[in-house]
Amino acid sequence: MRASGFAESLSPRRDESGRIVEISPQHLYEKADICPLHEHGHGTFCKFSISAANGLVGVYALIVGESVHYIGECADFRKRFNMGYGNISPKSCYKGGQPTNCKINRRVLDVTRSGGRVDLYFYSTDARKSVERELVTQYLPPWNGRQQRIIHDE
């Protein structure tokens, strides 16, 4: 199955009153007392999910307003968002965890909390790594950070 274009807007879960539900999973990590948090592991996060089909391979972009803020690649689009960015596990917050998941989740939370919207676009391609590199070089998305420096250092 191939899909490309606008996927959906990321929508953090909300409570009955309409407030974004914020979580702090850090205290649930069994090694929290011996392992330090990484640079993006502090603070609160949100939960969100997407409704894409399983197994979509390709490149995705997070758009805020008219601007590309993040570009990434994935072997399974739905899993990347529903099990990664949209559901921060306690271990993800600590060194050796998943700092990118925490960073992207927190940025989605911050944009949404301030009344903005994060739109998700997807391009289905088996050449996902090279397409991602090309797009990051072209757009220089601010949320990519480290990846931008690596591409420019090559």
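Located above this text is the structure these notes cover.
Parameters at a glance
- Residues numbered from 1 in each chain as written.
- Predicted model: local features only at pLDDT ≥ 70, side-chain atom pairs only at ≥ 80, totals over all residues.
- Heavy atoms only, no water.
- Axes fitted to C-alpha atoms, helices over the stretch in contact; angles between N-to-C directions.
- Helix = DSSP H or I, 4+ residues; strand = E, 2+ residues; numbered from the N terminus.
- Parallel < 35°, antiparallel > 145°, perpendicular 65-115°, else oblique.
- Contact = heavy atoms within 4.5 Å.
- Nonpolar A, V, L, I, M, F, W, Y, C, P; charged D, E, K, R; others polar.
- Core = buried A, V, L, I, M, F, W, Y, C linked by side-chain atoms within 4.5 Å.
- Buried < 20%, exposed > 50% of the residue type's maximum accessible area, 1.4 Å probe, protein only.
- Salt bridge = Lys/Arg side-chain N within 4 Å of Asp/Glu carboxyl O.
- Pairing = 2+ DSSP bridges.

Details of the packing of helix 1 (residues 77-85) against helix 2 (residues 99-113)
And then number 1: In contact at an axis separation of 10 Å, helix 1 and helix 2 are set at 85 degrees when each is read in the N-to-C sense. Judged on the interaxial angle alone, helix 2 and helix 1 are roughly perpendicular. Seen from helix 1, the contacting residues are Arg 80, Gly 84 and Tyr 85; seen from helix 2, they are Thr 100, Asn 101, Ile 104 and Asn 105.
And then number 2: Grouping the amino acids of the contact of helix 1 with helix 2 by side-chain chemistry returns two nonpolar, four polar and one charged.

Here we look at the nonpolar core
And then number 1: One finds Leu 10, Tyr 60, Leu 62, Phe 77 and Phe 81 to be the most contacted residues of the largest nonpolar core, which totals 23 residues.
And then number 2: The set of elements that each furnish at least two residues to this core consists of strand 2 (58-64), strand 3 (67-74), helix 1, helix 2 and strand 4 (118-124).
And then number 3: Broken down by element, the residue count for this core peaks at four residues, all from helix 2.
And then number 4: In this view, Phe 77 contacts Ala 7, Ile 50, Ala 52, Leu 56, Tyr 60, Leu 120 and Phe 122; residues no more than four positions away in its chain are not counted.

Points about the pattern of salt bridges
A pair can form between side chains of opposite charge whenever their charged atoms are brought close.
And then number 1: Evaluated as defined, the whole model comprises six salt bridges.
And then number 2: Notably, a salt bridge pairs Glu 22 with Arg 113, separated by 3.0 Å at the nearest N-O pair. You can see Glu 22 sitting in the loop between strand 1 (4-10) and strand 2 and its partner Arg 113 sitting in helix 2, a full 91 residues away along the chain.
And then number 3: Judged by its relative accessible area of 36%, Glu 22 is partly exposed.
And then number 4: For Arg 113, a relative accessible area of 42% gives the class partly exposed.
And then number 5: Put simply, Arg 106 and Asp 110 hold a salt bridge, and the shortest N to O gap is 3.0 Å. Taken together, the positions of Arg 106 and Asp 110, both in helix 2 and four residues apart, correspond to about one turn of that helix.
And then number 6: The class of Arg 106 is partly exposed, set by a relative accessible area of 25%.

Details of the sheet that holds strand 1
And then number 1: Here four strands make up an open sheet; going across it, the order is 1-4-2-3 and the pairing antiparallel. Both edges of this open sheet fall to strand 1 and strand 3, since each of them pairs with a single strand only. Across the sheet, the axes of successive neighbouring strands diverge by a mean angle of 25 degrees, strand direction being ignored.
And then number 2: Note: strand 2 against strand 4, seven bridges, orientation antiparallel. Bridge pairing links Tyr 60 to Phe 122 in strand 4.
And then number 3: Across the face of the sheet, helix 1 comes into contact with strand 1, strand 2, strand 3 and strand 4 while running at roughly 55 degrees to strand 2.
And then number 4: In this fold helix 3 (residues 128-139) packs onto strand 2, strand 3 and strand 4, with an angle of close to 165 degrees to the strand it touches most, strand 3.

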